[in-house]
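Structural description and commentary
Each chain is listed here by its residues.
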Amino acid sequence: MAHHSPLALMRSRKFLPFFLTQALGAFNDNVFKNALLLLLTFSAGSSLGMDINVLVNLAAGLFILPFFLISPMAGQIADKYEKSAIIRWVKLGEVIIMGLAAVALIYDAYAALLLLLLAMGTQSAFFGPVKYAIMPQHLNDRDLVGGNALVEMGTFLAILAGTILAGVLSPLSEASTWIAITVVLLAVAGYVASRGIPEAAASNPGLKIDWNPFTQLAEIWRQTRGNQAVFQSILAISWFWFLGASYLTQFPNFTKDVLSAGAGVVTLLLAVFSVGIAIGSMLCERLSRGRVELGIVPIGALGLTVFGADLYFASVALQLPLAQAAGPELLHTISSLWGVEGSGRLLVDLGFIGLSGGLFIVPLYALIQQRSAAERRAQVIAANNVLNALFMVVSAVFAIVCLSVLALSIPTYFLVLALINLLVSIYVFRQVPEFAFRFIIWILGHTIYRVRTVGLDNLPEDGPALLVCNHVSYADAVIIGGAIYRPVRFVMDRTIAGMPGMRWFFRMAKTIPICSERADAAVYQAAFAEIQACLEAGEVVCIFPEGRLTTDGEIAQFRKGVERIVATTPVPVVPMALQGLWGSVFSHAGGTALTKLPRRFWSKITLVLAAPESPEMATAERLQARVEALRGDLK
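Below, the structure is looked at part by part. Please read all numbers here as calculations on a predicted model, not as lab measurements.

Below, the discussion takes up the overall build of the chain. For the chain, the helix and strand inventory stands at 24 helices and seven strands. Seen along its three principal axes, the alpha-carbon backbone of the chain occupies a region of about 85 × 60 × 40 Å. Every one of the 635 residues in the chain was classed for burial, and the buried ones make up 55%. Of the contacts made within the chain by residues no fewer than 6 positions apart, 82% connect residues no fewer than 24 positions apart. In the structure as shown, the chain presents an accessible area of about 26000 Å², 64% of it carried by carbon and sulfur atoms. Where the 45 positive side-chain charges of the chain centre and where its 41 negative ones centre are 4 Å apart.

Counted according to the given criterion, the structure contains 21 aromatic pairs. Geometrically, the ring pair formed by F490 and F544 is stacked, given 6.4 Å between the ring centres and 10° between the ring planes. On the criterion of sequence distance, the pair formed by F490 in strand β3 (residues 488-493) and F544 in the loop between β5 (540-543) and α23 (561-568) is long-range, its members being 54 residues apart. Here F490 matches F544 in class, with each residue buried.

Looking now at helix α10 (residues 213-225). The α-helix winds at 3.6 residues per turn, so residues separated by three or four positions along the chain end up facing the same way. Spanning 13 residues, α10 covers 18 Å between terminal C-alpha atoms, matching the ideal 18 Å at 1.5 Å per step. Within the span of α10, buried status applies to P213, Q216, I220 and T224. Down the axis of α10, the smallest arc covering the buried residues is 70°, so these residues share one side. Facing away from the buried side of α10 by more than 90 degrees, the exposed set consists of F214 and R222. Measuring from the side-chain oxygen of the N-cap residue of α10 to the backbone nitrogen of F214 gives 2.9 Å; that N-cap residue is N212.

This next bit is on unusual backbone geometry. Although it is not a glycine, D108 adopts a positive phi angle of roughly 55°. Structurally, D108 can be placed in the loop between α5 (83-106) and α6 (110-133). For A407, which is not a glycine, the phi torsion comes out positive at approximately 60°. Its place among the elements puts A407 in the loop between α16 (377-405) and α17 (410-431). The class of A407 is exposed, set by a relative accessible area of 59%.

Below, the discussion takes up the layout of surface pockets. In this structure, the second largest pocket spans a volume of roughly 1200 Å³. Residue lining of the second largest pocket: 39 residues in total, with R371, E434, R486, P487 and E539 positioned closest to the centre. Elements that contribute at least two residues to the lining of the second largest pocket include exactly α8 (141-169), α11 (228-258), α15 (343-371), α18 (433-445) and β3. The greatest single-element share of the lining of the second largest pocket, amounting to four residues, is contributed by α18. When the residues that make up the lining of the second largest pocket are grouped by side-chain class, the tally is 19 nonpolar, eight polar and twelve charged.

Side chains of nonpolar character tend, in soluble globular proteins, to be buried together. Of all hydrophobic cores here, the largest spans 134 residues; its most connected members are F32, L259, L269, L346 and F360. Grouped together as the second largest cluster of nonpolar side chains are 42 residues, F437, A497, F506 and L607 included.

A full pass over the atoms with the stated rule returns twelve salt bridges. Notably, a salt bridge pairs K256 with D257, separated by 3.7 Å at the nearest N-O pair. The exposure class of D257 is partly exposed, given its relative accessible area of 47%. One connected set of salt bridges, linked through shared partners, spans K560, E563 and E621.

Before going further, it helps to examine the sheet that holds strand β4 (residues 512-514). Hydrogen bonds along the backbone pair up the strands of a sheet, which may run parallel or antiparallel. Pairing is mixed across the open sheet formed by seven strands, whose spatial order is β1-β7-β6-β2-β5-β3-β4. The two strands at the open ends of the sheet, each matched to only one other strand, are β1 (449-454) and β4. Between one strand axis and the next, the sheet turns by 25° as a mean value, whatever way the strands run. Note that β3 and β4 share three bridges and pair parallel.

Packing of α6 against α16 leaves a shortest axis separation of 8 Å and a crossing angle of 130°. When the axis of α6 is compared with that of α16, the two are oblique. Here the hand of the crossing between α6 and α16 comes out right-handed. Contacts between α6 and α16 involve G128, P129, Y132 and A133 from the former and R377, A378, I381, A382 and N385 from the latter. In the contact of α6 with α16, the residues fall into six nonpolar, two polar and one charged.

Here N28 lies in helix α2 (residues 16-48). Looking at N28, the relative accessible area reads 0%, which means it is buried.

For the rest of this paragraph, the subject is the pairing of strand β2 (residues 465-469). Side-chain direction in a regular strand flips from residue to residue, so the side chains alternate between the two faces of the sheet. The element β2 is extensively covered by neighbouring structure, given that five of its five residues are classed as buried. Burial of β2 is two-sided: the residues A465, L467 and C469 facing one way and the residues L466 and V468 facing the other way are all buried. As paired strands, β2 and β5 are joined by four bridges and run parallel to one another. Its bridge partner being in β5, L467 is matched across the sheet by C542. Bridge count between β2 and strand β6 (residues 573-579): four bridges; the pairing is parallel. Among the inter-strand pairings, L467 is bridged to a residue of β6, identified as V574.

Here the focus is the environment of A104. In this structure, A104 sits in helix α5. Once the C-alpha coordinates of A104 and I64 are considered, the two residues, 40 residues apart in sequence, prove to be 21 Å apart. Setting aside anything within four residues of it in sequence, one finds A104 in contact with A109, A112, L113 and L116.

This part covers the environment of D552. On the secondary structure map, D552 appears in the loop between β5 and α23. Measuring from C-alpha to C-alpha, the distance between D552 and W211 comes to 67 Å, with 341 residues separating the pair along the chain. Those residues within four positions of D552 in sequence are excluded, and the remaining contacts are W582 and K635. Within the structure, the side chain of D552 is placed 3.1 Å from the side chain of T550, a separation counted as a polar contact.

How each quantity is defined
Residues numbered from 1 in each chain as written. Predicted model: local features only at pLDDT ≥ 70, side-chain atom pairs only at ≥ 80, totals over all residues. Heavy atoms only, no water. Helix = DSSP H or I, 4+ residues; strand = E, 2+ residues; numbered from the N terminus. Buried < 20%, exposed > 50% of the residue type's maximum accessible area, 1.4 Å probe, protein only. Contact = heavy atoms within 4.5 Å. Areas by Shrake-Rupley, 256 points an atom, 1.4 Å probe, with all protein chains shown as cover. Lys, Arg positive; Asp, Glu negative; His and termini not counted. Charge placed at Lys NZ, Arg CZ, Asp CG, Glu CD. Phe/Tyr/Trp six-rings, centres within 6.5 Å; stacked < 30°, edge-to-face > 60°. Expected span 1.5 Å × (residues − 1). Arc of directions from axis to C-beta. Polar contact = N/O pair within 3.5 Å; in protein donor to acceptor, adjacent residues only side chain to side chain. 1 Å grid on protein atoms, 1.4 Å probe; cavity = no way out; pocket = protein on both sides within 12 Å on 5 of 7 lines; lining within 4 Å. Points joined across faces, edges and corners; volume = space filled by probe spheres on them. Nonpolar A, V, L, I, M, F, W, Y, C, P; charged D, E, K, R; others polar. Core = buried A, V, L, I, M, F, W, Y, C linked by side-chain atoms within 4.5 Å. Salt bridge = Lys/Arg side-chain N within 4 Å of Asp/Glu carboxyl O. Pairing = 2+ DSSP bridges. Axes fitted to C-alpha atoms, helices over the stretch in contact; angles between N-to-C directions. Parallel < 35°, antiparallel > 145°, perpendicular 65-115°, else oblique. Left-handed = near helix turned anticlockwise from the far one by under 90°.

Given below as structure tokens:
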């Protein structure tokens, strides 16, 4: 199965028009929304006879309201109808809305602009579910992380560019005209880009749409809770938006009150944060190696806590020197901020918070797309969008409580966020042990071992498969699990699975313990029953037919259990061989495993996969011969 680099995806017709469409949409949203907020702040308050703070919060609320009311319906529509057509209709709606907004801008019709902001929020709420639901139909599993990385990068850079452009246009003498021209041109460009998106067939054409957003949301929420990994990923993504909104909202006051700086520094902070997320998103694709790698999520979560906490200490250390260095003008510029020792540390913290956020959310979005049922994928994403919006609203309330009621300083508030992030992460990882399991696999695969795969295309992309492999070390399951892009259930000797100190890890990995029928008939029968259930559910199961670790580096005789499995559940059998593990600390070479120190790090390991064997031909003798041939002389 081919895996394209992000640059290759950007040259692909199945991705580039979609990428441009969503990036231009995010860019236009932020130009229009931020320009309107600036106009309301400096021009419209008196004309509308309303308090400025009320106006600004009303505008923000009008944009986010449709995500609560429209998203459930939008998710159903995206599942029921062909998706590229939906996107084109949505983008055509954007052209109409922006055309009306242009007229309202030129005539200073601010009340109409507020209603059009609501319409723009509605348009964005319709686009959200189809935006993420169309990607798995155009991208295979190994391109899904790269596609999501590009989308997140494009989205945050578009937010940054839109915010900056709004700030540039708003002070101009003919600001309304320039903003009007810009938003119309961006809307037209987005619609033109959408014309190139290939068709994506309806996932559930027979779906009967429930127009009540509350009953529909409750139903999809009930269904989603049944998939623990997807449900917890939605909660984790929503928490990230809580965190992101908290930082972004406080940047202006943080800049003025803590950094004694002006508007240019606000833009600098926004740029550092947004570019950090963009870099983290693309780094995630590199670290994932073309798979949905959940092991990166804990790295992102740890970074959000560590750099979030250090942002507090950097801010406190800087506050007095910055105030003293500001002088009579009171406000630092970007250049004068650089002149104060310690300011670089603060910017590094902020950049790494963004980078950690990119590492955190990209695999989570990819997991939701990959593991949600195709016929309701857009509805699950709609539920995610609703919860994201809710968490952003709650973040505003939480900030008011912390900063106004409890009178915390903004740096202290950032510290509180970092500590809460630690608690949220621990909760999510306890609920879905797969995150921690994949993290351990990822760490081992990037420290002690350097794993190369040969013949990975021989693994079926979907459906059940039985993997058979030589058994060299206690790390075999970790190596295989880290190298193969599909989740694998391992059948493991009960003694190994129950080892003190390792039992928790193997339980977390959902291994299937087995022993000889003579040793414990109940465990033996239960193992085969679970293997059958896993294969019938379309999962990948890996067994080590030798039944024990090799003591001399050679492959022992394969036992007949593999024949029983394929006789009960006929599935493709993929022979595999591990090369280079004999001699590792986890093998019996030179003494009992785990009693020696590692001889070196970055040991080169190769996992070789052969073409699948049909179940009819999958005898123990034939599979052993194929595995021996794959391994060759490389123990």
